[in-house]
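Spelled out, the chains give:
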Amino acid sequence: MQLLRRGDSGPNVVEIRSTLRRFGLLGDSTGGPAQEDRFDAALEQAVRAFQQQRGLITDGIVGPATYRALREAGWSLGDRMLALMISAPMSGDDVVALQERLLELGYDPGRPGGVFNEQTEAALRKFQREYGLLPDGLCGPATLRSLRQLGRKVTGGRPHLLREQELLRQAGPRLRGKRIVVDPGHGGPNRGIVAAGVAEADLMWDLARRLVGRMSATGMDAMLSRQEDTCPAETERAAFANNAGADLVLSLHTDANRSMHAQGLATFHFGNGSGATSTVGEALAGFIQRELLTRTAMHDCRTQGRTWELLRLTRMPTVRVEIGYLSHIGDRRRLLDPAFRDVVAEGILVAVKRLYLLGQDDQPTGTFTFSDVLARELERGAQAI
């Protein structure tokens, strides 16, 4: 769909206004029917409020991600039958409610990201089988009645977050054998951000190669999500990571802004603004942010939760790193320096190592080097023999 912003008009604006009014984010129009199709300041403010609630960029513009979230927010559990659709997976707040209910009952549908996937279907079938229902994987009236009648098995926390943390603990401190997908943004004909002849796709491809090389040297199984001349969709990148059984996904991007003064580093993890988050992803985002800030002295744009497709469709902790603004001359000069990209690659590798150390035998932020990581891996390898 086309981007809709303040000043636009038409039937799509009427639809958005009606949806936000239904969510209680917009009052009745005082200008009469003639104002219903105009994207005015009040509608922009309502869009921003909705975006903030849903873990989206709060720019007041209705693009594909915001429109998808508006559509998904309109579903409540019981409005429709839910089932696994391979070609076009069902998504919406009703799927989130189903996933959270299954988690409360002790089943594992995966991260409550609002997409009815294979893991959600498996958890639903297990629930149906154990409670004497037909295990058809369809969430219809009979299954809904049973879900509503049963009390919780898991209380006092979020079970999916506990599972994530336990998987991390069981993985152990060594990097060897860990499977990591490194996702350089854009690619092929999609150049991403382009400023002063510098393309995001090229810079992130080079950075990704440097990072994969260092990870492979430690014994990690590191792989790229794309080729140099290709640009898979976000859904395809997520499917690649899921099919590969990756332990982590690291997505590399740069940013741009209309203001030439915008600059700095930001790191994103899955978080929907309503409490659902990836705790391991959040922890990794924090490690990466702190390591890179200490090593590069870039401006701190903080870590943030988002519901972008790659973050919510991957089954493993996923982090997106926005390394500077190509529209800022200082950040652009840094990114053009191969030595700077080496520093960033080392910082990200060290952050991953810190994640698996779980606070044991750690060093102060910014002091861990690539050589230190290699030495630790060799030392632990010798102890294991």
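The structure we're discussing is the one just above.
Predicted model only: the values in this text are computed from it and were never measured.

K.L.:
What is the right way to read the overall build of the protein chain from this model?
P.N.:
Per the secondary structure count, the protein chain includes 14 helices and 8 strands. Compactness check: the protein chain gives a C-alpha radius of gyration of 23 Å against a globular reference of 21 Å for 385 residues, within 12% of the reference. Projecting the C-alpha coordinates of the protein chain onto the three principal axes gives extents of approximately 65 × 55 × 35 Å. Scored against the burial criterion, the 385 residues of the protein chain give a buried share of 50%. The long-range share in the protein chain, meaning contacts at least 24 apart out of those at least 6 apart in sequence, stands at 68%. For the protein chain, the accessible area works out to roughly 17,600 Å², and carbon and sulfur atoms hold 50% of it. Distance between charge centroids for the protein chain: 2 Å, based on 49 positive and 46 negative side chains.

K.L.:
Just checking my understanding: could you explain the pairing of strand β6 (residues 265-270) for this structure?
P.N.:
Two faces, one strand: in a regular strand the side chains alternate between the faces of the sheet. With 6 of 6 residues buried, β6 is to be regarded as a mostly interior element. Looking at chain direction, β6 and strand β7 (residues 300-306) are connected through 5 bridges and run parallel. Each residue of the ladder has a partner; that of H269, found in β7, is G305. In this structure, β6 lies alongside strand β8 (residues 318-325), joined through 5 bridges in antiparallel fashion. Looking at β8, one finds that A266 is bridged to E322.

K.L.:
Help me understand the packing of aromatic side chains, please; the structure alone is not making it clear to me.
P.N.:
Any pair of aromatic rings gets described here by the distance separating the centres and the angle formed by the planes. The tally for this structure, following the rule as stated, stands at 4 aromatic pairs. A ring pair is formed by F23 and F50, whose centres lie 6.0 Å apart and whose planes are at 15 degrees; its orientation type is stacked. Here the residue F23 occupies a position in the loop between α1 (11-22) and α2 (41-53), and F50 occupies one in helix α2, the gap between them amounting to 27 residues. Given the relative accessible area of 2%, F50 is considered buried. Here Y107 and F127 contribute two aromatic rings whose centre-to-centre distance is 5.8 Å and whose plane-to-plane angle is 85 degrees, an arrangement assigned as edge-to-face. Residue Y107 is located in the loop between α4 (93-104) and α5 (118-130), and its partner F127 is located in helix α5; the two are separated by 20 residues in the primary sequence.

Conventions we followed
- Residues numbered from 1 in each chain as written.
- Predicted model: local features only at pLDDT ≥ 70, side-chain atom pairs only at ≥ 80, totals over all residues.
- Heavy atoms only, no water.
- Helix = DSSP H or I, 4+ residues; strand = E, 2+ residues; numbered from the N terminus.
- Rg over C-alpha atoms; globule rule 2.2 N^0.38 Å.
- Buried < 20%, exposed > 50% of the residue type's maximum accessible area, 1.4 Å probe, protein only.
- Contact = heavy atoms within 4.5 Å.
- Areas by Shrake-Rupley, 256 points an atom, 1.4 Å probe, with all protein chains shown as cover.
- Lys, Arg positive; Asp, Glu negative; His and termini not counted.
- Charge placed at Lys NZ, Arg CZ, Asp CG, Glu CD.
- Pairing = 2+ DSSP bridges.
- Phe/Tyr/Trp six-rings, centres within 6.5 Å; stacked < 30°, edge-to-face > 60°.

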